[in-house]
Amino acid sequence: MTSDPGLPEGQELPAGAEPPDFSVVKIQREGLLEAPGTDFPPHDGLGRVTLSFTVDTGPESPETQKAVRVPPGVSVFDSASWNGIAIDSTCGGHGTCHKCRVRVEGPAPTTRHDVRTFSPDQLDAGWRLACLVPATRDLEVFVPPLTTRPKAATVGVGRQVILRPAVQKRYVELEEPTLADQRSDIVRLLDAITDLAPSPDLHVLRRLPKVLRSADFKVTAVIVDEALIEVEAGDTTGQRHAIAFDLGTTTVVATLLDLTTGTPVAVASMLNKQQPFGGDVISRISATMMDERVLPRLQEAAGATLAELAAQVCREGDVAPESVYEVAVAGNATMVALALGIDPEPIGVAPFVMTTALPPTVLAADLGLALHPRAQAVMFPALGAYVGGDIVSGMLATGMDRDKRTRLFIDVGTNCEIVLSDGDTIVATAAPAGPAFEGGAIRCGMRAAEGAIEVIRLRPDAPTEESSAEPVELQVIGDVAPRGLCGSGLVDAVAELVRVGLLDDSGRFLPEEAAAEVAPGLADRLTQIGQERVFVLHRPSPDADPADCVVLSQRDVRELQFAKAAISTGWSLLLDELGLEHRDVQQVLLAGSFGSYLSPAAAVRIGLVPALPLLRIVSAGNVAGEGAKMALLSLPERAGAQTLVEEVTYVELSDRPDFNERFVEQLGFGKRS
C-alpha cells in the first residue's frame with residue numbers, strides 16, 4: 001500500500017495505483033473530489049452535501065432524525081459533531097479508537113481501519129468508521145446508541161486530551177470537634193484532603209462553620225487550581241461544570257462542559273450584542289475614541305452576551321449555575337480588551353500595541369456572569385494586536401506545534417489571521433480582508449441567516465430539449481426565497497463566473513457580445529443598475545426590475561478581489577519567510593464560522609488558498625471554541641497555550657516593502673504557479 005499526502009489520515013491507495021490527479025487545472029476542467037476505491041461519480045468540491053442522520057437513542061427512546069448540510073469533504077464524524085449529533089469516539093475522530101461506528105446507505109470508501117474493525121458481512125452492509133468517511137455526496141447515516149463516553153468531545157478539528165481540569169472536588173467525612181480535639185474548622189478540613197494543599201479564601205471561611213454543622217461534617221471541598229473556593233454539604237463530586245466561550249466579533253458561542261466526563265452538556269450561540277457599535281473591531285475601537293461613554297457600554301454589551309449564553313446552556317443542560325466553577329474565553333485582542341473594560345485605542349492606531357498580551361485571570365462575576373460567585377475566568381494569551389487569543393486557541397486545538405507536516409491555518413473573516421508551520425518553525429500574520437466575507441460592502445450582502453444564498457451553480461449553455469435545467473441553481477439557508485448573499489455565496493458566485501468565463505482574469509464582466517458567445521444560457525442575466533454592471537442571481541418574478549433582484553455587482557467582485565488578495569498575499573509572504581513553495585503545503589485548515597462553510601474548490605479557483613489537491617483543504621470548524629474547551633479540560637493543554645505563544649514568530653505585513661507589489665499581483669483570477 002502507498003500513501004498520498006493529499007488523502008485523509010488512514011486512507012491509502014492500492015499497491016501500484018497512481019494517486020488521483022487533483023491538480024487545479026483538472027479541478028477546473030472536470031471537477032473532482034472523491035476518496036479512492038469508490039464507484040460513484042466524483043464531487044466537484046463546490047456547494048454542499050446533505051447528510052441525513054438517523055440516531056438510535058436506546059430502547060427507551062424513539063429514534064431521532066436530523067438532516068445537515070456541510071461542505072464536501074468533511075468527514076461524517078465532524079459533520080455530526082458540528083451539528084450536535086453524538087457519535088462514539090475516544091480519540092476525537094482520528095481513526096485510532098475504532099469506536100465511531102455508523103452504517104452508511106450506498107457505496108462508501110473502505111479503509112484498512114474499517115477492514116480491521118468490521119467483518120466482511122458488516123462491510124457489505126455499509127458499516128464504516130465515521131471519521132474516515134468523507135461526505136462527498138448526499139448520504140443516509142444510521143448512528144447506533146452510545147456505548148462509551150469520550151474524554152473530550154470535539155467540535156471541528158481537535159485532539160484528544162488528558163482529562164485533568166483545574167476544578168477538583170473532594171468529599172470528606174470529618175470527625176466532629178471535641179474538647180480533646182479543638183483544631184479549627186479549616187485545619188480539620190484541610191487535614192482530611194491528603195492529595196492537595198489548597199488555600200481557602202474569605203468566602204469559604206464565612207460559610208464554613210454553618211455548612212460543616214448543618215451537614216454533620218460530611219462535605220465536599222471545591223478546589224480550583226490551588227484555591228479552596230467552596231465547601232458544599234454532602235457529596236456533590238458528580239456536579240462539576242465549566243463553560244468555554246468563543247468570544248467572536250460577530251458571533252459568540254458557549255459550550256457547557258461536564259468536567260467529570262469531559263463531555264459537552266449544551267451548546268448555544270448568538271450575535272454579539274456589541275453589533276450596534278459596528279460590525280468589525282476597527283469600528284468599535286473608533287466608537288470608543290469618539291465618545292468616552294462608549295467603552296463601558298461595550299463592556300456591558302459583552303457581559304450581557306456572555307451572561308445570556310451562560311444562562312441558556314445551564315438551562316438547556318439542567319445544570320445549576322452555582323455548579324459552574326470556571327470559564328475560558330477565547331477572543332481576539334480587541335474583544336477581550338472590551339470585555340475587561342480596557343481601553344482598546346492603542347490596538348487601533350500605529351504601532352498597534354496591546355495593553356497586555358496575557359490578560360489576567362478574573363472572577364467570572366467581573367465579566368457579568370451569574371455563576372458560582374468565586375468562579376474564575378481564564379483568558380488566552382495573544383500573539384499580537386491582530387492575532388489574538390482566539391487564534392492561539394485554534395492553534396492549540398489543531399496541534400500546530402505538534403504536527404511535523406507543513407500546515408497552513410487560515411481564519412477567514414474581516415481580519416484574517418494566518419499561521420504557517422513547517423513542522424519546526426511557526427510564523428503568523430494578520431491580513432485586513434475587510435467586511436466582504438460578512439456581507440458588508442456587498443450590494444445584496446447579508447449575514448449567513450435564513451434567506452441568504454450560500455451555494456451557487458451556473459450552467460453556461462442555453463437550455464435544449466434534452467436539458468431544461470435552470471441556468472442558475474441556488475441553495476438558500478432555510479430553504480426559503482433568497483433575500484441576499486452571504487460570504488460563502490459571494491465566493492461561490494465569483495468562482496462560478498470565473499469558471500464559466502463571464503469574469504475575465506482581471507475580474508471584469510465580459511462585454512455583452514462576448515458573454516453571449518461564452519455563456520449563451522447566462523448572458524441575459526448580465527445587465528446594469530444605473531451605470532454599474534450586475535449579474536442577476538435571483539429574480540422574484542420573470543419581469544422583475546434588476547434593482548429588485550438579488551444581484552452580484554462589479555463593485556462586489558472588486559470587494560472580494562481586495563479581500564482575497566490581502567489573504568493570499570499574507571500566506572504567500574509567510575511561505576517566503578520559511579523558504580517554501582505553495583506545493584509544499586500538506587494541509588490547509590479553514591477555520592472560523594465562515595471558513596468552515598467555504599467550498600474548497602471555489603476557494604482554490606479564485607486564489608483565496610493555494611492551488612492544492614482539494615482533499616488537503618480541511619474545514620476545521622470552531623477551533624477557537626475547541627481550544628477553550630481543551631484549556632478547561634486539561635491543565636497541561638492550558639500551559640501549552642502559553643508555550644505556543646513563545647514559539648510563534650509574528651510577521652507584520654505593513655513592514656514588508658514588497659507588500660503592495662505582491663498585493664497587486666494577487667488581485668487577478670488568472671492561473672498561478
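See the structure above.
**Re the pairing of strand β1 (residues 49–55)**
Right, on to step 1. In terms of residue burial, β1 counts as a mostly covered element, since five of its seven residues are buried.
Right, on to step 2. Where β1 meets strand β2 (residues 64–70), seven bridges bridge the pair, whose relative direction is antiparallel. Bridged to Leu51 within β2 is Val68.
Right, on to step 3. The pairing of β1 with strand β5 (residues 139–143) spans five bridges and is classified as parallel. Along β5, the bridge assignment pairs Phe53 with Val141.

**Quick word on the sheet that holds strand β8 (residues 218–224)**
Right, on to step 1. If you trace the four strands from one edge of the open sheet to the other, you get β6-β8-β9-β7, paired in mixed fashion. Two strands bound the open sheet, and with one partner strand each, they are β6 (167–173) and β7 (199–200).
Right, on to step 2. For β8 and strand β9 (residues 227–233), the ladder comprises six bridges, and the chain directions are antiparallel. Following the sheet pairing, Thr220 is matched in β9 by Glu232.
Right, on to step 3. Most of the contacts of helix α6 (residues 202–214) go to β9, to which it runs at about 20 degrees, and overall it touches β7, β8 and β9.

**Let's talk about the nonpolar core**
Right, on to step 1. Ranked by size, the top nonpolar core spans 85 residues in total, and within it Ile243, Phe245, Val327, Leu367, Leu369, Leu371 and Met395 carry the most contacts.
Right, on to step 2. In terms of residues, this core owes the most to one element, helix α8 (residues 294–316), which gives nine residues.
Right, on to step 3. If we ignore the near neighbours within four places in the chain, the residues touching Leu367 are Gly303, Leu306, Val329, Ala339, Leu340, Val362, Ala377 and Met379.
Right, on to step 4. Membership of the second largest hydrophobic core comes to 79 residues, among which are Ile418, Ala433, Ala493 and Ala523.

**Focus on the packing of helix α7 (residues 281–290) against α8**
The angle between the axes and the distance between the axes are what describe a pair of packed helices.
Right, on to step 1. Across the interface, α7 lies against α8 with an axial gap of 8 Å and an inter-helix angle of 140 degrees. By the angle class used here, α7 and α8 are oblique. Here Arg284, Ala287 and Thr288 of α7 lie close against α8, whose contacting residues are Val294, Leu295 and Leu298.
Right, on to step 2. Residues of the contact of α7 with α8, tallied by class, amount to four nonpolar, one polar and one charged.

**Brief notes about the environment of Gly478**
Right, on to step 1. Positionally, Gly478 belongs in the loop between β20 (472–476) and β21 (484–485).
Right, on to step 2. Residue class for Gly478 comes out partly exposed when judged on its relative accessible area of 45%.
Right, on to step 3. It is 6.4 Å that separates the C-alpha atoms of Gly478 and Gly451, two residues lying 27 residues apart in sequence.

Conventions used here
- Residues numbered from 1 in each chain as written.
- Predicted model: local features only at pLDDT ≥ 70, side-chain atom pairs only at ≥ 80, totals over all residues.
- Heavy atoms only, no water.
- Buried < 20%, exposed > 50% of the residue type's maximum accessible area, 1.4 Å probe, protein only.
- Helix = DSSP H or I, 4+ residues; strand = E, 2+ residues; numbered from the N terminus.
- Pairing = 2+ DSSP bridges.
- Contact = heavy atoms within 4.5 Å.
- Axes fitted to C-alpha atoms, helices over the stretch in contact; angles between N-to-C directions.
- Core = buried A, V, L, I, M, F, W, Y, C linked by side-chain atoms within 4.5 Å.
- Parallel < 35°, antiparallel > 145°, perpendicular 65-115°, else oblique.
- Nonpolar A, V, L, I, M, F, W, Y, C, P; charged D, E, K, R; others polar.

By themselves, these are just geometric observations and shouldn't be taken as functional.
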